[in-house]
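Breakdown of the fold
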Amino acid sequence: MTDSSTSSPRSAAPIDSTRPHQARLWNYWLGGKDNYPIDREVGKRIMEVYPEIADVARQSRAFLVRVVHFMTGQGIRQFLDIGTGLPAVDNTHEVAQRDAPESRVVYVDNDPLVVAHARALLKSVPEGECAYLEADIREPEAIIEQAGAVLDFTRPIGLLLLGIVGNVSDEDDPRGVVRRLVDALPSGSYVAVNDGTNVLGVNEWTPAEATARGEALRLCAEAGTVPYHARTPEFIESLFEGLELVEPGVVSTPLWRPEFPDIEELQPIDSFGGVARKP
């Protein structure tokens, strides 16, 4: 079994159990137990105004499984998962190593609780490797430098940015952050992005801030979580500029290559994503 971990110079931040954290809220909505009372309190209030958040959480996890399986099918054996969140069922290395035991995975998160749980619970099979970085997506060069201890950046890599770009404010230039990460990848790599949106049910009579999703974002901000910026499918598609989008492009998360063929039974949710190849 091969596992390793490393941290950036910013990794000494203590765990704050008095304020909700996105990763722990996500864990609560997925039915997990790795959360604090404040996370459960805020998570329950959000579910009361926006019950669909539990579907968003589950569908985002299912999207991860399909994406990793797709990438291994394209020959990808290295993965960089930024904004990994707390361990759940079917984590990136578990999916990848079921298909290809030699797969290497580097998990990145900026929450010390997430990294501590990952080190304790996410164990590689002997043929592969897992590593855990405590780092911030807004410091892509530091992530790439540290990930280079495990991943070979001369060979294709699968970059996973699932539910994380929404944490990057416009002032921090999310497009530029993603571009700097993509620039470090070799040709033949794949990039997956999905993030929360706030476009369903929005019209001239019901602006985004007046929707249930808008109210949920307001509650999160009031509770003191890291601000989350729900954007548009067009914005998410712009993150793939210069890459080759694979079919079906950027779509609502459940509609991206669903596992059963009757796509008409699937309902779109306010979470959009896609996968692209670096030429």
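Residues numbered from 1 in each chain as written. Predicted model: local features only at pLDDT ≥ 70, side-chain atom pairs only at ≥ 80, totals over all residues. Heavy atoms only, no water.

1. Digging into the overall build of the chain
Convention followed: Secondary structure elements are defined from DSSP: runs of H or I of at least 4 residues count as helices, runs of E of at least 2 residues count as strands, and each element is numbered from the N terminus. By definition in these notes, contact holds between two residues if any of their heavy atoms fall within 4.5 Å. Every accessible area reported is derived by Shrake-Rupley at a probe size of 1.4 Å, with residue values counting cover from the shown protein chains alone.
Along the backbone of the chain there are nine helices and nine strands. Long-range contacts, defined as pairs at least 24 residues apart, comprise 75% of the intrachain contacts of the chain with a sequence gap of at least 6. Surface accessibility of the chain: about 12,400 Å² in total, with carbon and sulfur atoms responsible for 52%.

2. Re unusual backbone geometry
Residue Pro248 is reached from Glu247 by a cis peptide bond, and omega for that bond is 10°. The residue Pro248 is located in the loop between strand E7 (244-245) and strand E8 (251-252) in this model. Even without being glycine, Arg257 reaches a positive phi, approximately 45°. Checked against the element boundaries, Arg257 lands in the loop between E8 and strand E9 (271-277).

3. As for the nonpolar core
Filter applied, for reference: Among buried residues, the Ala, Val, Leu, Ile, Met, Phe, Trp, Tyr and Cys ones that are joined through side-chain atoms within 4.5 Å form a nonpolar core. Each residue is placed in one exposure class: buried if its accessible area under a 1.4 Å probe, protein chains only, is under 20% of its type's maximum, exposed if it is over 50%, and partly exposed if it falls in between.
Ranked by size, the top nonpolar core spans 35 residues in total, and within it Leu80, Ile82, Val106, Leu159 and Leu161 carry the most contacts. At four residues, the largest contribution of residues to this core is made by helix H7 (residues 174-183). Setting aside residues up to four positions removed in sequence, Leu161 forms contacts with Ile82, Ile137, Val178, Leu181, Ala192, Val193 and Asn194. Ranked by size, the runner-up nonpolar core spans 26 residues in total, among them Phe70, Val95, Val115 and Ala118.

4. Things to note about the environment of Gly43
Topologically, Gly43 is positioned in helix H2 (residues 37-49). With 19 residues separating them along the chain, Gly43 and Arg24 place their C-alpha atoms 9.1 Å apart. Gly43 has contacts with Leu25, Tyr28 and Trp29, leaving out every residue within four places of it along the chain.

5. Observations concerning the pairing of strand E6 (residues 190-196)
The following threshold applies: Two strands are said to pair when DSSP picks up at least two bridges between them.
Burial runs high along E6: seven of the seven residues are buried. Side chains Tyr190, Ala192, Asn194 and Gly196 of E6 all project onto a buried face; the interleaved residues Val191, Val193 and Asp195 project onto the opposite face, where all are buried too. Two elements, strand E5 (residues 158-162) and E6, share five bridges in a ladder whose sense is parallel. The residue bridging Leu161 from the neighbouring strand is Val193, located in E6.

6. Some details on the environment of Val49
Among the secondary structure elements, Val49 is positioned in helix H2. Since its relative accessible area comes to 30%, Val49 is described here as partly exposed. Separated by 164 residues in the primary sequence, Val49 and Arg213 have C-alpha atoms spaced 8.1 Å apart. Setting aside residues up to four positions removed in sequence, Val49 forms contacts with Ala212, Glu215, Ala216 and Leu219.

7. Comments concerning the packing of helix H6 (residues 140-147) against H7
Put simply, the rule is: Every angle, taken between N-to-C directions, lies between 0 and 180 degrees, and every axis is a line fitted to C-alpha atoms, over only the stretch in contact when it is a helix. With respect to orientation, any angle under 35 degrees is reported as roughly parallel, any angle over 145 as roughly antiparallel, any angle of 65 to 115 as roughly perpendicular, and every other angle as oblique. Here is the rule for handedness: rotate from the far helix to the near one, and if that takes an anticlockwise turn smaller than a right angle the crossing is left-handed, while a clockwise turn gives right-handed.
Running from amino to carboxyl end, H6 crosses H7 at an angle of 25°, the nearest separation of the two axes being 9 Å. Accordingly, the angle class assigned to the pair H6 and H7 is roughly parallel. Between H6 and H7 lies a crossing whose hand is right-handed. Here H6 contributes Pro140, Glu141 and Ile144 to the contact with H7, which in turn contributes Val177, Arg180 and Leu181.

8. Remarks on the side chain of Asn27
Assignment of secondary structure puts Asn27 in helix H1 (residues 22-29). Assessed through its relative accessible area of 6%, Asn27 is described here as buried. Once you skip the residues sitting within four places of it in the chain, Asn27 turns out to touch Gly32, Lys33, Asp34, Asn35, Leu86 and Pro87.

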